[in-house]
Amino acid sequence: MTTPTPAPLFIGCAAGFSGDRVDAAGPVVDTLIARLAERGGSACLIFETLAERTLALAQLRRRADPQAGYEPLLELMLRPVLARCLQHGIRIVSNFGAANPRAAAQLIQRMARELGLPTPRIAVIHGDDLSAPTQRALLRTHLGEQVDAIRIASANAYIGAEPIAAALRAGAQIVVAGRVADPSLALGPALAHYGWRSDDWDALAGATMAGHLLECGAQVCGGYFADPGYKDVLDLAQVGFPVAEIDAHGGCIISKAEGTGGLVNLASVKEQLLYEVHDPAAYLTPDVVADISAAELEPLGPNRVALRGVRGHARTGTLKVNVCHEGGWLAEGEISYAGPRAEARARLAAEVLRQRLPAHTLRVDLIGALSVMGDDSGALLQATPASTARDVRLRVATACAERAQAEQLTREVTALYTCGPAGGGGVRTALTPRLNTLSGLVPREAVPVGFELLEAA
Amino acid sequence: MTNNAITVPLYRAAHGRTGDKGNRSNISVIAWHPALYAVLLEQVTEEAVTRHFAHRRPSAVRRYLLPQLGAMNFVLDDVLDGGVNDALNLDTHGKALSYWLLDLPVRIPTALQPLLAGDDHDVLITT
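Residues numbered from 1 in each chain as written. Chains lettered and ligands numbered in written order. Predicted model: local features only at pLDDT ≥ 70, side-chain atom pairs only at ≥ 80, totals over all residues.

**So, the interface of chain A and chain B**
Taken together, the contact between chain A and chain B spans 37 residues of the former and 33 residues of the latter. Elements that contribute at least two residues to the side of chain A that touches chain B include exactly helix H2 (52-64), helix H9 (266-273), strand S11 (296-301), strand S15 (363-367), helix H11 (379-383), strand S16 (391-400) and strand S17 (425-443) of chain A. The biggest single contributor to the side of chain A that touches chain B is S17(A), with four residues. Here the side of chain A that touches chain B is composed, by residue class, of 17 nonpolar, seven polar and 13 charged. (Contact = placed C-beta atoms within 7 Å. Helix = DSSP H or I, 4+ residues; strand = E, 2+ residues; numbered from the N terminus. Nonpolar A, V, L, I, M, F, W, Y, C, P; charged D, E, K, R; others polar.)

**Points about the nonpolar core**
With 181 residues, the main nonpolar core has A:Leu45, A:Val175, A:Val176 and B:Ala13 as its most contacted residues. At nine residues, the largest contribution of residues to this core is made by helix H8 (residues 201-214) of chain A. For this core, the domains that each give at least three residues are domain 1 (9-322 + 440-453) and domain 2 (324-437) of chain A. For A:Val176, the residues in contact, after removing those within four places along its chain, are A:Ser94, A:Phe96, A:Gly97, A:Pro101, A:Ala104, A:Ala105, A:Ile122, A:Ala123, A:Val124 and A:Ile125. (Core = buried A, V, L, I, M, F, W, Y, C linked by C-beta atoms within 7 Å. Buried ≥ 20, exposed ≤ 12 C-beta atoms within 10 Å, placed from the backbone. Domains from an automatic or database assignment.)

**As for the sheet that holds strand S8 (residues 252-256) of chain A**
Residues and elements named next belong to chain A. Here we have 10 strands laid out as an open sheet, ordered S11-S12-S8-S7-S1-S2-S3-S6-S4-S18, and mixed in their pairing. Across the chains shown, the open sheet's two edge strands, defined by having one partner strand only, are S11 and strand S18 (450-453). The average angle at which neighbouring strand axes cross in this sheet is 25 degrees, direction not considered. Alignment of strand S4 (residues 122-126) against S18, held across four bridges, turns out to be antiparallel. Bridge pairing links Ala-123 to Leu-453 in S18. Set on the sheet, helix H4 (residues 101-114) makes contact with S4 and strand S6 (174-176); between it and S4 the angle comes to about 170 degrees. (Pairing = 2+ DSSP bridges. Axes fitted to C-alpha atoms, helices over the stretch in contact; angles between N-to-C directions.)

**Section: the sheet that holds strand S9 (residues 283-284) of chain A**
Residue and element names in this part refer to chain A. The strand order across the open sheet formed by three strands is S9-S10-S13, and the pairing between neighbours is antiparallel. The open sheet has two edge strands, S9 and strand S13 (311-313), and neither has a second partner. Across two bridges, the pairing between S9 and strand S10 (residues 289-291) is antiparallel. The residue bridging Tyr-283 from the neighbouring strand is Ala-290, located in S10.

**Describing the domain arrangement of chain A**
All names here are of chain A. Along its sequence, chain A is organised into domain 1 (9-322 + 440-453) and domain 2 (324-437). When each unit is reduced to the centre of its C-alpha atoms, the spacing between domain 1 and domain 2 is 38 Å. The interface is formed by nine residues belonging to domain 1 together with five residues belonging to domain 2. Elements that contribute at least two residues to the side of domain 1 that touches domain 2 include exactly H2 and strand S5 (152-157). In terms of residue class, the side of domain 1 that touches domain 2 is built from four nonpolar, two polar and three charged.

**What to know about helix H7 (residues 184-194) of chain A**
All names here are of chain A. Burial within H7 is extensive, with 11 of its 11 residues counted as buried. Those residues of H7 not exposed but buried are Ser-184, Leu-185, Ala-186, Leu-187, Gly-188, Pro-189, Ala-190, Leu-191, Ala-192, His-193 and Tyr-194. The inward-facing, buried residues of H7 abut strand S1 (9-13), strand S2 (42-47), strand S3 (91-94), helix H6 (162-169), H8 and strand S7 (242-246).

Here it is as structure tokens:
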């Protein structure tokens, strides 16, 4: 007697960050529809669009307009595939609600109406946003009194998969969240599909790592990977986005959308498996502590790699909280020097700026000679002798509490046109409000989470 | 003298990717072949990586091993000038740092030379 194989679960990912390609979802949805036709089971489309800074900027937009604060590309990303997803029973789960999941859900409802679709059941996840004044005491207790001295832009707990799973079990076709941990976007549908116990740690960890492989979109499919002559990627311009098949024990097979470029092989999956991982035996999420120290990868065929052997341990009693606060101003200025002695002239221009701005702490980059590899203090630049680079763009940057102080830098860079070394051109300057981050842990029970179904408009 | 080893940049023996969380960077080093992994274990150590990143003044460098993947994961603390929202670097995430590490010179026995990736002439020293 054999146990019947449970119906499979397919999860496709159509965005790996805010600002990802808006035409990524089409081939992913086509692939999910084809998999459902061949194999049956369930399918889900996820979009991961949040990062630390993204959420703070969304919160600032919401302050200016109570109907704003969700992913700005939401409509462009979702509109091309919304009808096909609803028609084929593909659930949609995303954190594109950002600072205003409810407004995002309302937008999706309007989109469905405009497309002539039946009103979808949309769930809105709540509990992650800790920016209300009533939550200040919680933040003070766990992050310290420093929270009283800062101007908070956003404060969010990284919440887990359970409210997503509960919403799907309640019949939601679309789940709109804010700061859900990235891999929880995939674990939620897996929990709902397989009905794992909340302490089936190995299964939870397996699906969490499947979510980890999916959450950066093309990064597991040859995006962020190509290196000519070393890691060649076919048709990178049409790089595909990933589709994972998750099994009843949390194992997964990672592949990519049909008819796209890119590749899924051992090398691309290994790079993404370790991306943003610290201790491989303890990858912490709100749902589980995942352990990939004994995990194995097996190539199954073209663009198909299996991940197995992920183990799980009991989740911690705390949730990570990020507080973004206003941090003064970033001033930047750039000017180019080219031709003979270009780097010498760029270095002289930097010296002029140092003498003109003795009260500012300047970061100096010589783009084309030495820039991003260096540190803010300039230790590497000082230790590196001038090269013979013939096309160098000087960049200087500084952080200032006050705008007026920041503007001194942009004025001095502009003045290099007539007062600096010979032949400088192409000045660009920018002043940007800075956001700084404070992180800490709060007890899980201090962050009640849940969902509500959006009422029909 | 016999030619028994060559010195090449790490990128001929391994590939990798950088990730960031706050002021901490992680860099994977993934050998192109299990035999190369054994050699890298001896040479791409916490001490070697700490020296290679001296200008970033890491407060700690830890190496985690994933032998079944032929991979190691380096975690470098306090190397991002505060991290994505604080650093003045254009690359506030430190995404380029894997390529800094992949320039590390490593000595590979000539017997393993056919396993190396890239251009056969891309050799720093032959001894």
